[in-house]
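# Analysis of the macromolecular model
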Amino acid sequence: MLRISSRRLSTPSLRSKRHLSSSTVGVLSRLSLPTDPKTPTSGVFTGRSWRARGELTTSINPATGDVLGTVQQASLEDVEETIANARLAYQEWRHVPPPKRGEVVRQIRSALAERIQDLGDLVTLEMGKIRTEGKGEVQEIVDVMDYAVGLSRSLGGTVVPSERARHFITEVPNPLGVVGCITAFNFPTAVYGWNLSLALVTGNATIWKPAPSTPLTAIALNKIIVDVLEANKYPGALSGLLCGGGEVGGKIVEDKRVDLVSFTGSEARGRDVGMAVAGRFGKSLLELGGNNAAIVLPDANLELALRTILFSALGTAGQRCTTTRRLFLHKSISESFLQSLASAYSSTFSRVGNPLDSNTLIGPLHNKDAVKRFEEAISEIKQQGGKIVVGGNVKKTDGELAGGNWVEPTIALVEDVAKVKVMRRETFAPILYVSTFETLEEAIELNNSVDQGLSSSLFTRDMSSAFQWIGPAGSDCGIVNVNGSTSGAEIGAPFGGNKSTGWGRESGGDAWKQYCRWASCTLNWSNELGMAQGVKFE
């Protein structure tokens, strides 16, 4: 059986030296989660009850190493029950008029907005991103739900003129069925929010398998969603929840009753998911790796470029799929720009710390494995000929943060891109590779030279360069920016990448169409046999 998981989590011993802080207890309490880390809570909502029959796991605060909570995960019996209930819920929900579906989504949006700070703080506690980013992630769900509510009154296909007299041709979108959503730790709420919003207004049920390391955020969010659904007399099974590891994900991927699988994760796992779903003729939506580049031309607003790259490379401690990981500088400005960037990086060292502190810019890596991968990447950079300009070390801390996962923001200068092969893969850490170029065409080739194709940015004031960048001989990424960050996309445009990033598109634009079963419908309102292309059958 296929196993889909970022890793198998072991259950560490509870750190009982310190009690949870009063602020953490307050967040957990207000979100109806246990305030005693040793008290298990169900990580399963089958659609009928909050009941789990699988193994216990723990949620760890990446800034302190403290246990936030104990969660009972899904068993295979729980998976079966949840999928069956989702099918029944879909069969009821598909008959609800889209504007009425939109009204329910509007109420979910309002309920989330009322709890946005607590939900954001829980994202910070469990994932590790700084407080403004945690709240911003929940705001992203609120925003996409606003979009979905409006969409619920405009769903429809095109009307096509017919060459046959008294014939009417139109496209009709119908609900698809059950959407399985497997999400990653770095955006523990937003990606499900994208999928849920569009799936609900288009008439589908959803099943969510969050990352094994962020179960509390998923439980808290789903409780709010289910409460709104059931208050409106609709099945809570429209938003099923299955916390668990590889076996749980594998069952969702392989089950024919799950019509669409949205998967966010690594390229290797995404390849397995795509092949498994295609093998049963299902639909998949893949959001995989990103190895994003920024290019700075000599005519750019260099101050803007510096500030933007600092955020896009260091936001979420380099753990966004859209993080800037490669920087290409024109040779004429490379020395001075790199000096300014290195100075800016060094200034952030004192602002690495508790992500709930308003002065913090960079929080921890998510787990010990991420710290290990950071160290391995630094070693490879040196072995392959790269030079560490700033950072490159695991950061030691004292006090309550001593158990956290801390590394230094790092810049690596690469003179020979072909030799530093580690630069070609995605490392989820704040490592920025810097190299130089002489022509825009060369820079575009460097941008496009990796397997991934998620996000990219060009900094220039020249209109010709900007249009070349976004044109057919420009960036081959799914997100192409001019004078903007590779990360921090708005919800109105579709989000996703090309090549090994998976070709998936979520959130805005026409992304909603993937959640529909489309039919091209022809209505003959004449009394004649209508024949196209001049065919006669007499």
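These notes cover the structure that comes with them. Note that the structure is predicted; figures quoted are calculated from it, not measured.

Let's shift gears to the pairing of strand β3 (residues 56-60). Pairing analysis gives five bridges linking β3 to strand β4 (residues 67-72), with the strands arranged antiparallel. Bridged to I60 within β4 is V67.

A few words now on helix α4 (residues 116-127). Its twelve residues place the ends of α4 16 Å apart at the C-alpha level, agreeing with the 16 Å of an ideal helix rising 1.5 Å per residue. By the criterion of burial, α4 is predominantly enclosed, with eleven of the twelve residues buried. Every buried residue belonging to α4 is among I116, D118, L119, G120, D121, L122, V123, T124, L125, E126 and M127, and all of these are buried. Just beyond α4, the residue with positive phi is G128, at close to 115 degrees.

Where nonpolar side chains cluster on the molecular surface, the patch consists of V159, F168, L523 and W525 and spans about 450 Å² of accessible area. Its place among the elements puts L523 in strand β23 (residues 516-524).

Attention now goes to the side chain of H366. Inspection of the secondary structure assignment puts H366 in the loop between α11 (331-347) and α12 (368-383). Residue classification places H366 among the buried residues on the basis of a relative accessible area of 6%. Separated by 2.7 Å, the side chains of H366 and S213 make a polar contact.

Considering all chains together, one arrives at 17 salt bridges under this definition. Two residues, R257 and E80, come together in a salt bridge whose shortest N-O distance is 2.8 Å. With R257 in the loop between α8 (246-254) and β10 (260-264) and E80 in helix α2 (residues 76-93), this pair connects stretches of sequence that are 177 residues apart. Look at the salt bridges and you will find they share partners, linking R51, R53, D78 and E81 into a network.

With that settled, consider the sheet that holds strand β16 (residues 431-437). The seven strands are arranged β14-β15-β16-β13-β12-β18-β19 in an open sheet whose pairing can be described as mixed. The sheet is open, and its two edges are formed by β14 (387-390) and β19 (479-482), each paired on a single side. Each neighbouring strand pair of the sheet contributes to a mean axis angle of 25 degrees, computed without reference to strand direction. Bridge count between strand β15 (residues 410-413) and β16: four bridges; the pairing is parallel.

As summarised here, the arrangement of the three strands in space is β5-β6-β23, forming an open sheet in which the pairing is antiparallel. Edge positions in the open sheet fall to β5 (159-160) and β23, since each of these has one partner strand only. Pairing of strand β6 (residues 167-175) with β23 involves nine bridges; the strand directions are antiparallel. Counted as the bridge partner of P175 is C516 from β23.

Conventions used here
Residues numbered from 1 in each chain as written. Predicted model: local features only at pLDDT ≥ 70, side-chain atom pairs only at ≥ 80, totals over all residues. Heavy atoms only, no water. Pairing = 2+ DSSP bridges. Helix = DSSP H or I, 4+ residues; strand = E, 2+ residues; numbered from the N terminus. Expected span 1.5 Å × (residues − 1). Buried < 20%, exposed > 50% of the residue type's maximum accessible area, 1.4 Å probe, protein only. Patch = residues over 30% accessible without salt bridge, like charges linked within 9 Å, V, L, I, M, F, W, Y side chains within 5 Å. Areas by Shrake-Rupley, 256 points an atom, 1.4 Å probe, with all protein chains shown as cover. Salt bridge = Lys/Arg side-chain N within 4 Å of Asp/Glu carboxyl O. Polar contact = N/O pair within 3.5 Å; in protein donor to acceptor, adjacent residues only side chain to side chain. Axes fitted to C-alpha atoms, helices over the stretch in contact; angles between N-to-C directions.

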